Amino acid sequence: MDKMSSYSGGSSPRSKPEADTYEKGDNSSYDDNYGAEAIEEPPETPALGNPFRGMEKEELIRHSSKPFWWRLRMMCISVVLLGWLALLITVVALVLIYPRCRDPDMRSWWQNETMYRVYVRSFSDSNGDGIGDLKGLESHLDHIRDLGANTISLSPVYQSDDIDSDFNVIDHMAIDRNYGNMSDFESLLKAAHDRGMHLLMDFIPNHTSDLHQWFINSSKTSDRDNDFRNFYVWTDTPTNWRSVYNNGSWKTSDVRNQAYLHQFLPSQPDLNLRSSQVQEKLEEILKFWLTKGVDGFYIRNSGFMFEDYDLRNEKKSSTNNSSDPTEYSYYDHTMTYGLSEVYDMLSRWRTLVEEFSNTTERILMADARGNMDMIMTYYGHYDRDGVNIALNEVFLPEHGICGAPCVRKYITDWLSNLPKHHWANWVIGADDSARLGSRFNESYIRAFLMTAMLVPGTPIIYYGDEILMTDINVTSESWTREQSMRGLMQWENKTDGGFCSARSCSSSPWLPADGKFRTNNVKDKSKFAGSIISYFKNLTSLRQERTFLIGEFTTAITDDSIFSFVREFDGLTGYLIAINFSHEEQTRDFYTSHDSIEKAATVEFTTGNDVSYNMEDNVDTRSITLGGFQGVVVSWDYVAKEL
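Residues numbered from 1 in each chain as written. Predicted model: local features only at pLDDT ≥ 70, side-chain atom pairs only at ≥ 80, totals over all residues. Heavy atoms only, no water.

**Remarks on the sheet that holds strand 16 (residues 552-558)**
Strand pairing within a sheet occurs via backbone hydrogen bonds; the two strands may be parallel or antiparallel.
Here is step 1 of the chain: Taken in spatial order, the 6 strands of this open sheet run 16-17-18-23-20-21, and their pairing is antiparallel. With partners counted over all chains shown, the strands left at the sheet margins are strand 16 and strand 21 (618-620), one partner each. Averaged over all pairs of adjacent strands, the angle between strand axes in this sheet comes to 35 degrees, irrespective of strand direction.
Here is step 2 of the chain: Bridge count between strand 16 and strand 17 (residues 562-568): 5 bridges; the pairing is antiparallel. Bridging across to strand 17, Phe553 finds its partner in Arg567.
Here is step 3 of the chain: Its contacts with the sheet put helix 14 (residues 442-454) on strand 17, strand 18 (574-580), strand 20 (600-606) and strand 23 (631-636), and the angle it makes with strand 18 is roughly 150 degrees.
Here is step 4 of the chain: Helix-sheet contacts for helix 16 (residues 532-543) involve strand 18, strand 20 and strand 23, and the interaxial angle to strand 20 is about 135 degrees. (Pairing = 2+ DSSP bridges. Helix = DSSP H or I, 4+ residues; strand = E, 2+ residues; numbered from the N terminus. Axes fitted to C-alpha atoms, helices over the stretch in contact; angles between N-to-C directions. Contact = heavy atoms within 4.5 Å.)

Shown next as structure tokens:
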């Protein structure tokens, strides 16, 4: 060990250390100089450039507290903090403005499913009496489910009188004997639920049969001790109101000596929904069926539920050309249809139905008619929810050809007027309108179905539409059950089209089978991949793709011949649906019509074998050619868009 201490690099003089001394003979104290006398170390000199080394703590603190050093430290700290703050702001800004996947809207079962409307009397007869019934319907649930239609809407099955009408109800809590009994209904409901299906019932709140016990009691007297005196609309001074069948709306009761209101048949007196007793009775009916497990109601003739409180006369219509005061269309019906109380009652029933929606949502739909503003009010009134589905029956009167501009107006008018957070629907067939197969040819129907099934909304089809059943030839009054669109379901090529579960009906079917079942029936059509029933199944299957369930809708090219649109959502496959609604071949560049369409796409589906594209073909969206009434669905993988 050297006698000289090494330079410490200190920058301030230190006190001189005492010299080490060693005694002779003390070997343990000898250094490397073998006992040589220790040499004094020179005093340390400060190191250049480090004037603070060696300072005591108190001295350093006192020195660092000088204003210059304090300001320098604050400046450094501020720079660091500002840097972190700038970094944080940058990160937050990027998170907020950079494109990211959105959360999809939640969809309920009735929004995801296709609805199948059944006229029970004509669907299937299980006991051979010539009348379709609930057991017959239950036996064909698998057919409906296999179509991809998981919601069934029943025509009225309540106990009725013997008048030839579905709306002459005498007991809202009983099943008419022609359709079975309560056990049959409960069995049908359970079988549907076991298959993951849903069942809706018609609800008829506007009127009853004149043989209903309520009306019998109400007709006895107007005395205050009669608890039923105000169950119906009575007056001593009838107005000029007309029924929808062009008759007077009032009929005098010989017992009560007053006139009662009937906006339909004289055998169908209008209930007085202003009466709290009537409201309570109707709620009891809803609760009765909800407790049994039905999934919702179709409210029939909903716009007629309330009349002018003061029973004032109607005014002449300013939009109709009728000159005959005995005709219904002569008047504007502001006193008898679509009064604001209707919407209040719908909101009240919506609240009641939601009380039973603990395990599965229960819904209401109604036959909304009138102008677009009136129809949209059915969805809600003064911040109160109305029905879930205000039926869109705008397309039902169309016949022949409804071209691309017509289809565009039908779709976009409804979607653009639809209140926020509400859901569209597309009624394709109904039990009071000419059949789809009688209004259009198959080529047009395929094109229209591709549109109605793939735009946002719930499609509602009518039994038999899946094989393009057509109207039958019957002659009857407009209010009777015997209507041309209610022909027997054509199940197979055998007696009565397989309407009876036995080989043949023991009694003649309630409507004659017209023989069309021999060439057009479910059993035979299901064998062919190119048939309309197979086409329908493929559409309902495609509709279950997640993009179609939750994706956004944007029109692409829409002109006099083409109606096209895009369905897309962040992170999901994008789709272009292009349909030619003209007779002539059309070629279009779809790539430039919407910014998310890719040049290269894959064919997913077409309207039929006559289309020049096959499934899984690669196509260039800059040039897609479609023949008359042909349509194609093409897809591409999601591509995130850069800022």
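**Quick notes on the state of the cysteines**
In protein chemistry, a disulfide is the covalent bond that joins the sulfur atoms of two cysteines.
Here is step 1 of the chain: Inspection of every chain in the model, using the stated rule, returns 1 disulfide.
Here is step 2 of the chain: Through a disulfide, Cys402 is tied to Cys406; the S-S separation comes to 1.7 Å. The S-S bond linking Cys402 to Cys406 shows a torsion near -95 degrees; that makes this disulfide left-handed.
Here is step 3 of the chain: The class of Cys402 is buried, set by a relative accessible area of 1%.
Here is step 4 of the chain: Among the residues examined, Cys406 registers a relative accessible area of 24% and is labelled partly exposed. (Disulfide = S-S within 2.5 Å. Buried < 20%, exposed > 50% of the residue type's maximum accessible area, 1.4 Å probe, protein only.)

**Side note on the pairing of strand 10 (residues 363-366)**
Here is step 1 of the chain: Residues Ile363 and Met365 point to one face of strand 10 and Leu364 and Ala366 to the other, with burial holding for every one of them.
Here is step 2 of the chain: One ladder, built from 4 bridges, connects strand 9 (residues 296-299) with strand 10; its direction is parallel. Following the sheet pairing, Ile299 is matched in strand 10 by Ala366.
Here is step 3 of the chain: The handedness of the strand 9 to strand 10 crossover, carried by helix 10 (residues 340-354), is right-handed.
Here is step 4 of the chain: Two elements, strand 10 and strand 13 (residues 389-390), share 2 bridges in a ladder whose sense is parallel. What sits directly across from Met365, in strand 13, is Ile389. (Right-handed = clockwise from strand over helix to strand, strands pointing away.)

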